[in-house]
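Notes for the structure review
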Amino acid sequence: MKITIARNEKEFDVTAAWRIIAQMLQKPDSVIGLSTGQTTINMHATVSQIHAQFPFDVSRITLFNVDELTNLPQEYSGTCYRIILNQIARPLGIARHNFIMPSTTADDFQREARLFEKRLAERGGVDLQMLGLGANGHIGINQPGTPFESETGISSLDPDLEARLRRETQTPSDIVLGGITRGIKNIMHARKLILIVKGSHKAEIVEKAILGPVSTAIPASIIQLHPNCEILLDAEAAARVVGKTGHL
Ligand code: GLP
């Protein structure tokens with residue numbers, strides 16, 4: 001595990017953005033997985049700004065998001081499709097066929113999940129997955145207790161997350177919110193993982209995820225076993241790991 005600590009939030013956002021740009025420049029047909037949430041907003045904006053200022057070829061880049069909400073129209077403002085489209089796919093000019101997402105509405109979400117994986121496999125698998133970290137240690141929407149061998153499929157949302165999403169997306173209570181997430185096994189198959197975490201509110205879960213035992217109680221802890229993994233933190237998120245690992 002490589003651990004990188006940015007001195008402040010700005011340095012964190014720029015460093016994270018350059019990880020994505022470097023991947024795009026080094027392998028112009030890269031398949032890159034993204035994550036939504038507060039953590040990634042400025043990173044996506046920075047990639048978009050740098051691309052606007054210094055354009056480079058992204059015509060063969062494939063983008064996707066690690067998870068998606070279900071039972072909301074795809075055009076709804078809170079879907080991962082819309083968030084990634086607005087924050088980075090559209091600003092970069094990624095073609096629709098190179099932006100792979102599961103559908104938010106389907107009769108059979110398990111089939112939808114298999115189709116999502118098939119489309120990623122047809123592109124040669126995932127080169128880079130940028131991963132956010134949930135407050136309870138989740139990655140994607142894989143909640144604590146999810147088996148490490150879980151595969152891409154439907155997941156329920158924990159009550160806090162559901163309440164937050166419902167609030168953020170103004171989803172009425174009669175719509176059952178759920179999600180499709182790439183499974184932990186599928187996430188681990190990416191050739192490179194970068195876990196990005198910022199803010200003092202994540203310091204404790206960062207410590208558990210990267211210094212604690214590898215356990216399904218903290219889904220993100222599995223990345224300790226990934227052979228090509230970087231943890232990118234800002235100083236606040238790193239507060240409880242500084243000085244406790246041989247890396248720092
Ligand atoms: C949601 C997403 C995750 C993301 C997490 C972190 O749960 N499904 O993919 O990593 O939020 O969100 P934030 O960055 O807002 O803390």
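This text gives an overview of the structure that appears in the document. (Residues numbered from 1 in each chain as written. Predicted model: local features only at pLDDT ≥ 70, side-chain atom pairs only at ≥ 80, totals over all residues. Heavy atoms only, no water.)

1. What to know about the environment of Gly 212
Relative to the helices and strands, Gly 212 is located in the loop between helix H7 (203-211) and strand S10 (229-234). In this structure Gly 212 comes out as buried when scored by relative accessible area, which is 16%. Considered as a pair, Gly 212 and Asn 98 are 114 residues apart in the sequence and their alpha carbons are 37 Å apart. Residues contacting Gly 212, with those up to four places away along its chain left out, are Glu 207 and Gln 224. (Helix = DSSP H or I, 4+ residues; strand = E, 2+ residues; numbered from the N terminus. Buried < 20%, exposed > 50% of the residue type's maximum accessible area, 1.4 Å probe, protein only. Contact = heavy atoms within 4.5 Å.)

2. Some remarks on unusual backbone geometry
A positive phi is found at Asn 71, a non-glycine position, where the angle reads about 70°. Residue placement: Asn 71 occurs in the loop between strand S4 (67-70) and helix H3 (80-92). Given the relative accessible area of 35%, Asn 71 is considered partly exposed.

3. Some details on the sheet that holds strand S8 (residues 178-181)
Ordered in space as S4-S8-S7, the three strands form an open sheet in which the pairing is antiparallel. Unpaired on one side and paired on the other, S4 and strand S7 (153-155) mark the two borders of the sheet. For this sheet the average axis-to-axis angle between neighbouring strands, irrespective of direction, equals 30°. In terms of strand pairing, S4 meets S8 through four bridges, oriented antiparallel. Counterpart to Glu 68 in the pairing with S8 is Ile 180. Along the sheet, helix H4 (residues 109-122) contacts S4, S7 and S8; its crossing angle with S7, the most-contacted strand, is approximately 125°. (Pairing = 2+ DSSP bridges. Axes fitted to C-alpha atoms, helices over the stretch in contact; angles between N-to-C directions.)

4. Topic: the site of the ligand
Close contacts around the ligand come from Thr 36, Gly 37, Gln 38, Thr 39, Asp 67, Gly 132, Leu 133, His 138, Gly 140, Leu 161, Arg 164 and Lys 202, and that covers them all. At a separation of 2.4 Å, an oxygen atom of the ligand approaches a polar side-chain atom of Thr 39. Between the ligand and Asp 67, the relevant distance is 2.7 Å, taken from a nitrogen atom to a side-chain nitrogen or oxygen of the residue. Here the ligand has 390 Å² of accessible area as a free molecule, and 92% of this is covered by the chains. When atom positions are compared with the pocket grids, the ligand is found to occupy the largest pocket. Listing elements by their share of the shell around the ligand, those giving two or more residues are helix H2 (38-53) and helix H5 (159-169). In the shell around the ligand, the residues fall into two nonpolar, seven polar and three charged. (Near = heavy atom within 4 Å. Polar contact = N/O pair within 3.5 Å; in protein donor to acceptor, adjacent residues only side chain to side chain. Areas by Shrake-Rupley, 256 points an atom, 1.4 Å probe, with all protein chains shown as cover. 1 Å grid on protein atoms, 1.4 Å probe; cavity = no way out; pocket = protein on both sides within 12 Å on 5 of 7 lines; lining within 4 Å. Sits in = over half its atoms within 2 Å of the grid points. Nonpolar A, V, L, I, M, F, W, Y, C, P; charged D, E, K, R; others polar.)

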